[in-house]
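Examining the three-dimensional arrangement
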Amino acid sequence: MFRVVYRHWHLVLILNASLVIFANASIWGQDSTIRPVILRNDDAPQRVPRGLVKGSHLKVFLPSLPYLYTSHAINGALIKPSDEPRGWEYDMAVDHQLIDKTTYEFRLRQGVKFQDGTAFNADSVVLNMEYFKKAPVKYSKIDEVFDHCEKIDDYTVRFHLTEEYGSFMNDAMWMQFYSEDYLRLNPGGWNGKANCPNLSMPGPYGLGPYVLTEGYIEGDRHTAKAVLKANPYYWDPEYPKIETVTVYTELDTLDAKRMVLYEEGQLDITLTPPEDKVETIIAPFSKLVITPSTDNIAIHMNMITGNPLLKNLTVRRALNEALHQQNILHFVYEDEGRLSPISPYFPGVREVSNRLLPVSKHHNPYDTKTQARLRTILQGLNLKVVTQDRFLPLWRGIETQLSRVGVNLDINIKKSEKEVFEALLKTNAGENDVDWDLLVWGNDDWYFNHPYSTFLVFRTNNVWSTVSPDPVMNEYVDEMFRIAVDDPAFPDVCSKIMQRAYDRAYMLFVPTPNKVFAINKEVVFHPYKMASIPLWKIEVTDQHWSVRPPGSTYPSSLQEPVRILRVNVR
C-alpha cells in the first residue's frame with residue numbers, strides 16, 4: 001500500500017509507514033529534480049550522556065495550557081502525571097489508603113526539601129491546605145468537598161472530605177505544595193481562580209525538579225517567556241537531565257515552525273500542524289514525534305451572549321450536521337486523530353465513543369437535499385470566531401464546509417491563549433467584552449486519565465461553560481464526581497453526559513487529535529498522552545546546539561531525515 005500527498009512545493013510518496021520520501025530537492029536550495037530520501041533510524045537515544053549535562057539548554061513552545069504542561073516540572077504534589085494506565089504515579093507521597101469513603105491517608109516521602117532548602121513534611125502539607133481552604137481553585141468540585149487536612153505524624157497526613165468524591169485522586173495532582181515564604185508573599189496563598197496551579201512569581205518556592213527563575217505562568221496571565229533552572233535540592237538524583245529550560249507561550253505559529261525546522265538553537269520542541277509533517281521530516285534540524293492523545297479541541301457555542309440563533313437547538317444541530325468529519329480528519333488532521341467527539345482513550349469513554357459516531361458517518365453532508373435543508377435552517381448565519389493562529393488550518397476546513405450551507409465566519413485571531421480565556425471565562429456571567437459566537441481552545445487532558453477535562457465545559461454552573469443553564473446535565477456531572485473511574489458504573493454516567501451533550505449539540509464537535517510534535521533531532525523526548533510535558537526526563541545528545549563546542553557546526557550526516565517516532569500506540 002502507498003499514499004501520495006500533493007503540496008505546492010513537493011510530491012511525497014510514503015511507503016510502509018514513512019520509510020521512503022520522494023521530494024523536490026529545491027527545498028534545500030538545490031535544483032528542482034525529484035529525488036528519493038531514505039529515512040534513517042533515530043540514533044539520538046543511544047548518544048545521550050548520563051546524568052545532568054553541563055551547559056545544556058532546551059527551548060519549548062507551549063501554545064495551549066502552558067501552566068499545566070510545565071507545572072509538575074516546577075511544583076510537587078502528592079502524585080504527578082504519568083503515562084502509566086492509571087495516569088499518575090507517586091510524587092511527594094509514597095503510599096496511600098482509603099480509610100473510609102471520605103478520608104484519604106498519605107504516607108509522605110522523607111528527606112525532601114523545598115527549592116530554598118527548607119524541609120518538607122506533614123506540617124508543610126497541613127499549612128498549604130489551610131491556605132488552600134482560604135482561596136481554593138474552582139475548576140472542579142474540590143473547592144466544595146475538601147474539609148481539612150490532619151497531621152498523623154511527621155510524614156503521614158489525612159485528607160477529610162465532606163462527601164464521597166471518586167475524583168479526589170485527580171484533584172490531588174493539582175493540590176501542589178509551596179514553601180511558607182511563597183504562601184505568605186501571596187495573599188491567600190492559593191489564587192481562588194478557575195484555573196490552577198499557581199505559578200504567579202519566580203523563585204525557589206516549589207518542590208519540583210526545576211526552579212522557575214524568570215517569568216510566571218498562570219492560566220489567565222503569563223509572560224511571553226519563562227526560564228527554568230535545575231533544582232539542586234531535588235529528591236531524585238536521576239533527574240533532571242538538562243540544566244536550563246526556556247518556555248515560550250506567545251510565538252506566532254509560523255515563526256515557531258521556522259525556528260525549530262531551520263534555525264538551530266532557536267527552538268527545540270513545538271506542537272506542529274499535521275499538514276507540516278513532511279516538511280518537518282525533511283528539514284535539517286527537526287524530526288517528528290507523534291502520540292495518540294486524551295486531548296480534545298473545544299469549540300464553544302456562545303449560548304449566553306452570542307448570536308441568539310445559537311440558543312436554538314435546531315440551529316446548533318444543523319451546524320454540526322454540516323461538518324464532514326471524515327474530511328476534517330483526512331484533510332486537516334492528515335489522519336492524525338480519531339473520529340470521536342470526545343477522546344476515546346479516556347476510561348469510561350471508549351465504551352461509548354463507537355456508538356456516538358459523527359453525524360456525517362451516517363449520511364453525506366454534501367448531499368444536495370441535505371444542504372438545501374441546512375441552508376433553510378441556518379438562514380445565512382454570520383458567526384464571529386475567536387481563535388489562536390494554531391487552529392487556522394482547522395478553521396479553513398470548517399469555513400469551507402459551513403460556506404456550503406450559507407454560513408459566514410468572521411475570524412478574530414488572538415496572540416495567546418490567555419486572550420482566548422479572557423473572552424471565555426467572562427461569558428458565563430454575561431460580562432465578556434469580546435463579542436463572539438464560536439471560540440476554540442486546546443482542551444488538552446489536564447485531569448489525567450479522567451474525562452472531566454472535557455466534561456467541565458458542560459457543567460453549566462461554572463465559568464468554563466457557555467451553555468444555557470441545564471440542571472439535568474449538572475446533576476450528571478455531580479454524579480460523575482462521586483464515582484471513581486474504576487467503578488463499573490463510571491461508563492454509564494459518562495454515557496449520559498456524552499449523549500446529552502451530543503443530542504443537544506452543546507459544542508461544535510470535531511475529531512480527537514493526535515499530538516504531533518516537531519523536535520530537534522538531538523533531543524530525546526517521549527510525550528505523554530495528556531497535558532504534561534515531563535521536562536525532567538527530556539535528554540539531549542553531545543551534538544545538541546547547547547553543548548557542542550563553540551563555533552562547531554551540526555554534522556551533515558545527522559541532518560538526514562529521521563523516521564517518525566510514534567509512541568503510546570496500542
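The coordinates are above.
Here's a quick rundown of the structure. (Residues numbered from 1 in each chain as written. Predicted model: local features only at pLDDT ≥ 70, side-chain atom pairs only at ≥ 80, totals over all residues. Heavy atoms only, no water.)

**Quick look at the overall build of the protein**
The number of helices and strands found in the protein is 16 helices and 26 strands. Here the C-alpha radius of gyration of the protein, 24 Å, is about what a compact globule of 570 residues would show, namely 25 Å. Referenced to the eigenvectors of the C-alpha coordinate spread, the extents of the protein come out at roughly 70 × 65 × 45 Å. In the protein, the proportion of contacts linking residues at least 24 apart, taken out of those at least 6 apart, comes to 69%. (Helix = DSSP H or I, 4+ residues; strand = E, 2+ residues; numbered from the N terminus. Rg over C-alpha atoms; globule rule 2.2 N^0.38 Å. Contact = heavy atoms within 4.5 Å.)

**A look at the pairing of strand E9 (residues 103-108)**
With five of six residues buried, E9 lies mostly within the body of the structure. Of the strand pairs in this sheet, strand E8 (residues 93-100) and E9 are connected by six bridges, and their pairing is antiparallel. Paired with Ala 93 across the bridge in E9 is Leu 108. In this antiparallel pair of consecutive strands, E8 and E9, the connection spans two residues. Bridge analysis of E9 against strand E11 (residues 156-161) gives five bridges, and the strand direction is antiparallel. From the neighbouring strand, Tyr 104 faces E11, where its bridge partner is Phe 159. (Buried < 20%, exposed > 50% of the residue type's maximum accessible area, 1.4 Å probe, protein only. Pairing = 2+ DSSP bridges.)

**Examining empty space enclosed by the protein**
On inspection of all chains with the given rule, the structure shows four cavities of 30 Å³ or more. Of the voids in this model, the largest cavity is the one considered here, and its volume is about 490 Å³. In terms of lining, the largest cavity is formed by 30 residues, of which the most central are Thr 272, Pro 273, Pro 274, Arg 390 and Phe 391. Mapped onto the lining of the largest cavity, the elements with two or more residues apiece are helix H6 (253-262), strand E15 (269-271), strand E17 (296-301), helix H12 (392-403) and strand E23 (515-520). Looking at which element gives the most residues to the lining of the largest cavity, the answer is H6, with five residues. Looking at side-chain class alone, the lining of the largest cavity contains 17 nonpolar, six polar and seven charged residues. (1 Å grid on protein atoms, 1.4 Å probe; cavity = no way out; pocket = protein on both sides within 12 Å on 5 of 7 lines; lining within 4 Å. Points joined across faces, edges and corners; volume = space filled by probe spheres on them. Nonpolar A, V, L, I, M, F, W, Y, C, P; charged D, E, K, R; others polar.)

**What to know about the layout of surface pockets**
Size it by volume and the largest pocket reaches roughly 470 Å³. Together, 21 residues line the largest pocket, and Gly 166, Met 169, Ala 484, Val 485 and Asp 486 are the ones closest to its centre. Going through the elements one at a time, E8 and helix H4 (168-172) are the ones with two or more residues in the lining of the largest pocket. With three residues, H4 is the largest single contributor of residues to the lining of the largest pocket.

**Re the pattern of salt bridges**
All told, the structure shown has 34 salt bridges when counted by the stated rule. With a shortest N-O distance of 3.3 Å, Arg 459 and Glu 144 are connected by a salt bridge. With Arg 459 in the loop between helix H14 (452-455) and helix H15 (471-482) and Glu 144 in helix H3 (residues 142-145), the pair connects residues that are 315 residues apart, well separated along the chain. Among the residues examined, Arg 459 registers a relative accessible area of 5% and is labelled buried. Judged by relative accessible area, which is 45%, Glu 144 ranks as partly exposed. Its salt-bridge partner being Glu 279, residue Lys 257 comes within 2.7 Å of it at the nearest N-O pair. Separated by 22 residues along the polypeptide, Lys 257 in helix H6 and Glu 279 in helix H7 (residues 277-282) bring together distant segments of the chain. (Salt bridge = Lys/Arg side-chain N within 4 Å of Asp/Glu carboxyl O.)

**A short note on the sheet that holds E17**
In space, the four strands of this open sheet follow the order E17-E21-E19-E20, with mixed pairing throughout. Every other strand in the sheet has two partners, leaving E17 and strand E20 (408-414) as the edge strands with one partner each. Direction aside, neighbouring strands of the sheet carry axes that sit 25° apart on average. Note: strand E19 (residues 382-388) against strand E21 (residues 438-443), two bridges, orientation parallel. Each residue of the ladder has a partner; that of Val 385, found in E21, is Leu 438. Contacting E17, E19, E20 and E21, H12 crosses the sheet at an angle of about 170° to E20. (Axes fitted to C-alpha atoms, helices over the stretch in contact; angles between N-to-C directions.)

Keep in mind that these numbers describe shape and distance, not what the molecule does.
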